[in-house]
Amino acid sequence: MSTDTDHGLEITGDVADDQRRDRRIRRFLFGCTSITVLTTIAIFAVLFDNTWGFFFDATFSQWVRTSVLNLGVEGLTQRVSFIEFFTDTEWRPSHADDPRYGIPTLLAGTLLITVGAAFLAIPVGTAGALYLSEYASVRTRKYLKPTLEILAGVPTIVYGFFAVSFVTPVLLRPLLEIFGLSIGRNNALSAMVVVGVMTIPMVMSISEDAMNAVPDELRNGAYALGASKYSVSMNVVLPASISGVFASYILAVSRAIGETMAVTLAAGATANFTGNPLAEVQTMTAYMVTSARSTALVGSITYQSLFAVGLALFLITLVANLVNDYVKRRYREVYQ
Amino acid sequence: MTMATNETEETGGRNDSEPLISTEVTSSETGRGSRADETVLETRNLDVYYGDEQALQDVSAEIPEHKVTAIIGPSGCGKSTFLRSINRMNDQIDVARADGEVLFHEKNVYDEDVDPVALRRKIGQVFQKPNPFPKSIRDNVAYGLKIQGKEVTDEAIERALKQAALYEEVKDKLNSSGLDLSGGQQQRLCIARAIAPDPEVLLMDEPTSALDPVAASKIEDLISELAREYTVVIVTHNMQQAARISDKTAVFLTGGKLVEFGNTNKIFENPDHQEVEDYITGKFG
């Protein structure tokens, strides 16, 4: 081929500039995306490193630096046994004589509140989503949907304050007195209520999006058969949107697990291995808030326990997300 | 079988133990032809509006029982609107409004005391795009029976699938999803779903327009069969189709006006209106 024919297809001049700019933009966008991934990796690394330092007498990085790299590998002294951490039902890290580190105690607090909140948020949220998607007029939805999103944006500490100043004294205490029961200032029940209320908008909004995505042809098919609105909602729309609806449940549950300020204020700071909703309990997150503000020495077991709890939380929410992903893929309906 | 309900008795009834489309109607002393002029549906001065826009203008038509009535016309002429105003599917659209009368057995369906849900149980509909539910084939057919409080039996499902000429193709996979069928099979499934609860009238809104020619011709054959038991009103943009399968043809032209309504032969061979002739011969539309 001769090079003197001017076919105008070489990568020169403007074309080359364009391509260089494309590459720069590509790298920049990739960089932005990477930030989130790198942050996640960094958080996991820090949690892992310090959790190691909770169980043993040095953090993972210290141990690698001093023992492995200098090749004078020394045996690690274990400070907290795994068996104790996973099975003990006492959590009192700052106890002077007999500190105990059983995460089931904190896990029980977290699960108790999460389950209670789910019992409130899932039915109410789903029903609300059905209302918005199938029953509400265009006008009503136009005003209700943004209101929901505002509710979802209320800082959670406001909910915590609401629990302590209103839910417990004004709502729950008089109600429970009728049954001869009493509750203290801090209790799991008020935390369930506010975390439930807090996650309703999330369930409602995401479920409603999923229901809205159900093609109208399906609704019309059912209506044309003489279906009532209720039948269309329950037998057509809900089953067809179930993967999205389920996703909203899992997101709400992981939000409840990770919820911090509201439960710290509402449920209290006494670690308690119990399923009694009237008791004061401490969740994993509440423990982290309380002890992060305490005067525990950096490097002490109490300080390092923060990271062990943090890592456990991280793994729990990770599992929830994986489940969510699986459900989405498994149950998604494909419409042409 | 509990399929035989009072509303079919007045129209001659049918023997429900007979699984295939039977000649029952014909043999019950009259036959399809002699009932020719019994009107089951009638519109009188029907106007339909979407907001400020008028979609139908002063439409008056009489739809004969056990016949195929085709509705043809250019896009946007109100064909589908006409269909949707019969079973009040337009109620689903907030801005839709109807004036005038749609008489079903001489009862205006827009009267205060008419429940659109009850109406739609007597007037089934098949849509342009096949819309099976994301459920099994069996559950798709059973849905109408279930919500109408009719007994769901294997026989009822089999009968509906046979009437829709789908049974042989799906009899071994009734529990697999309706969405796994081909487009033409899905449409026949939708027909089975519509006729399973035994309506009197079947409205079809361009039921073959989303299908390939082979699947479309299967449905066309089916429609003529269905007319033995049901009154069929079919909207189509395909004039050959209308000519092939219908007994009566209604021609809507722009502005939502019913320009001519009569026997299909007459409309296609010698229409009264020049505009209709122009439309049919392809000079317009």
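Model, not experiment: these values are computed from the prediction. (Residues numbered from 1 in each chain as written. Chains lettered and ligands numbered in written order. Predicted model: local features only at pLDDT ≥ 70, side-chain atom pairs only at ≥ 80, totals over all residues.)

J.: Even after reading the chapter, I still don't get the overall build of chain B, so can you show me in this structure?
T.: Broken down by element type, chain B carries twelve helices and ten strands. A burial count over chain B gives 46% of its 285 residues as buried. Restricting to contacts in chain B with at least 6 residues of sequence separation, those with at least 24 account for 68%. (Helix = DSSP H or I, 4+ residues; strand = E, 2+ residues; numbered from the N terminus. Buried ≥ 20, exposed ≤ 12 C-beta atoms within 10 Å, placed from the backbone. Contact = placed C-beta atoms within 7 Å.)

J.: Can you help me understand the interface of chain A and chain B in this one?
T.: Across the boundary between the two partners, chain A contributes 16 residues, which contact 23 residues of chain B. Elements represented by at least two residues in the side of chain A that touches chain B include exactly helix H8 (216-224) and helix H9 (229-240) of chain A. A total of six residues in the side of chain A that touches chain B trace back to one element, the largest contributor, which is H8(A). Of the residues belonging to the side of chain A that touches chain B, the class tally is nine nonpolar, five polar and two charged. (Nonpolar A, V, L, I, M, F, W, Y, C, P; charged D, E, K, R; others polar.)

J.: Sorry, what's going on with the nonpolar core here?
T.: The nonpolar side chains of soluble globular proteins are, as a tendency, buried together. Residues and elements named next belong to chain A. Ranked by size, the top nonpolar core spans 154 residues in total, and within it Ala191 and Val194 carry the most contacts. Top element by residues in this core is helix H7 (residues 188-212). It accounts for 16 residues. Apart from the residues lying within four places of it in its own chain, the contact partners of Ala191 are Ile113, Ala163, Ala262, Val263, Ala266 and Ala267. (Core = buried A, V, L, I, M, F, W, Y, C linked by C-beta atoms within 7 Å.)

J.: Looking at this structure, how should I read the domain arrangement of chain A?
T.: Accessible area lost during the coming together of the parts is what is often quoted as the interface size. All names here are of chain A. Entries for chain A in the domain assignment read domain 1 (13-68) and domain 2 (86-331). Measuring from the centre of the C-alpha atoms in domain 1 to the corresponding centre in domain 2 gives 31 Å. With seven residues of domain 1 in contact, the opposing surface of domain 2 contributes eight residues. Looking at the side of domain 1 that touches domain 2 residue by residue, the class counts come to four nonpolar, three polar and no charged. (Domains from an automatic or database assignment.)

J.: Please explain the environment of Ala296(A) as it appears in this structure.
T.: Residues and elements named next belong to chain A. Mapped onto the secondary structure, Ala296 falls in the loop between helix H12 (284-292) and helix H13 (301-331). Expressed as a C-alpha distance, the spacing of Ala296 and Ser94, which sit 202 residues apart in the sequence, is 8.5 Å. For Ala296, the contacting residues outside a window of four places in its chain are Ser291, Thr302 and Tyr303.

J.: Explanation requested: unusual backbone geometry in the structure shown.
T.: Excluding glycine, most residues fall at negative phi; most peptide bonds, likewise, are trans. All names here are of chain B. Of note, the phi angle at His105 is positive, near 50 degrees, even though the residue is not glycine. Examined against the element boundaries, His105 turns out to sit in the loop between strand S4 (96-104) and strand S5 (107-108). When the 14 C-beta atoms within 10 Å are taken as the criterion, His105 is described as partly exposed. Positive phi is not limited to glycine here, since Asp198 has a value of about 65 degrees. In this structure, Asp198 sits in the loop between helix H8 (183-195) and strand S7 (201-205). Looking at Asp198, the number of C-beta atoms within 10 Å reads 24, which means it is buried.

J.: What exactly am I supposed to notice about the pairing of strand S8 (residues 231-235) of chain B here?
T.: For a regular strand, the rule is simple: side chains alternate between the two faces of the sheet. All names here are of chain B. Most of S8 sits inside the fold, with five of its five residues counted as buried. What you see with S8 is no split at all: Thr231, Val233 and Val235 on one side and Val232 and Ile234 on the other are buried throughout. As paired strands, strand S3 (residues 68-72) and S8 are joined by four bridges and run parallel to one another. Directly across from Ile71, in S8, lies its bridge partner Val235. (Pairing = 2+ DSSP bridges.)

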